[in-house]
Amino acid sequence: MTQTQDAGPEKSFAFDFLDRNAAEIALLGDSIFYFGELGMQEFETAKLMTELLEEGGFTVERGIAGFPTAFRATFGSGSPVIAIHTEYDANPDNSQKAGVTGPEAIVEGAPGHCEGHNVNAAVMVAGALAAKEAMQKFGLKGALKVFGAPAEEQLVSRPYFVRDGYFDDVDVSLTPHIGAQFNVGYGLIQSALISAYFTFHGETAHAASAPWKGRDALDAVILMDVGMAEHREHMMYRASASLRKAATSQMSSPSARRCGGIFVALPLRPPWRFSSVRRKWPKAPRL
Ligand SMILES: [Zn+2]
């Protein structure tokens, strides 16, 4: 049951809406969990979410900012403009049976929702529908804009939403993430992130008969990783890196290795506007 004490009639109405639809909200979260679609491939997920929002009275634009699985669903008009963020991508190799505390894949090696983005998506769609019902009942002014952001794990979609001006008129932005505590933060939290992949190319050679002819791309990856780790201590921003793609054979120097990185791009200090971010990053490549 949600807390309704001293909430006022509008919030109490919205809480009641959520309570009455709790089973459906859980079903939405469970459906997205079992879709388990990787970033940029969330087709079934986005279809279900947009259909629900459309049935609930939102106007849906699909494929915004060049992303096939992105969307914006709008209700109302005028001020204030409230952005409600959703994300719904699964993680690679995270297939996991529900309700089991130890690692136990549904399908070995398949993607899964261990990051909990299925919950992030379901609660925000539910919250948007509840707020919309309350706005209609009590004649509240303003606009709700539900943003469906693909591939959150690759940090890829929201910078493009910013670039294309989708947040220029937004007054407040609500972002959820499942976590270990039941709490809410406000203000400038989280960070503006971008990600990049670096691929190092080497030269393949037989590791036993002619190792001196080889150039192992892994050496470059390791040097970059170590350099990054040392540099991180003195950076103002958060940064992390992960390595992808393993050796092809123990007896040869692999010719290519991949290093994925996540880098904070923008120092965010008040006063801060989305339009200023766009000015800082005007030449972002088109997808
Ligand atoms: Zn996440």
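First, a word on scope: everything that follows refers to the structure included in this document. (Residues numbered from 1 in each chain as written. Predicted model: local features only at pLDDT ≥ 70, side-chain atom pairs only at ≥ 80, totals over all residues.)

### Description of the environment of H117
- In this structure, H117 sits in helix α4 (residues 117-138).
- The class for H117 is buried, based on 27 C-beta atoms found within 10 Å.
- For the pair H117 and G29, spaced 88 residues apart in sequence, the C-alpha separation works out to 8.7 Å.
- The residues touching H117, leaving out its near neighbours within four places in the chain, are E87, Y88, D89, A90 and E152. (Helix = DSSP H or I, 4+ residues; strand = E, 2+ residues; numbered from the N terminus. Buried ≥ 20, exposed ≤ 12 C-beta atoms within 10 Å, placed from the backbone. Contact = placed C-beta atoms within 7 Å.)

### Some words on the packing of helix α2 (residues 22-35) against α4
- In contact at an axis separation of 8 Å, α2 and α4 are set at 145° when each is read in the N-to-C sense. Here α2 and α4 pass one another in a crossing that is right-handed. Contact with α2, carried on its side by I25, L28, G29, I32 and F33, involves N118, V119, A121, A122, V125 and A126 of α4 and no other residues of that element.
- Taken together, the residues of the contact of α2 with α4 break down into 9 nonpolar, 2 polar and no charged. (Axes fitted to C-alpha atoms, helices over the stretch in contact; angles between N-to-C directions. Left-handed = near helix turned anticlockwise from the far one by under 90°. Nonpolar A, V, L, I, M, F, W, Y, C, P; charged D, E, K, R; others polar.)

### Re the pairing of strand β4 (residues 142-149)
- Among the 8 residues of β4, 6 are classified as buried, and the element is accordingly described as predominantly covered.
- Examined bridge by bridge, strand β3 (residues 81-87) and β4 share 7 bridges and lie parallel to one another. Considered in β4, the bridge of T86 is made with G148.
- The handedness of the β3 to β4 crossover, carried by α4, is right-handed. (Pairing = 2+ DSSP bridges. Right-handed = clockwise from strand over helix to strand, strands pointing away.)

### A look at the pairing of β3
- As defined by bridge partners, β3 adjoins strand β5 (residues 172-174) across 3 bridges and the pair is classed as parallel. Bridge pairing in β5 links I82 to V172.

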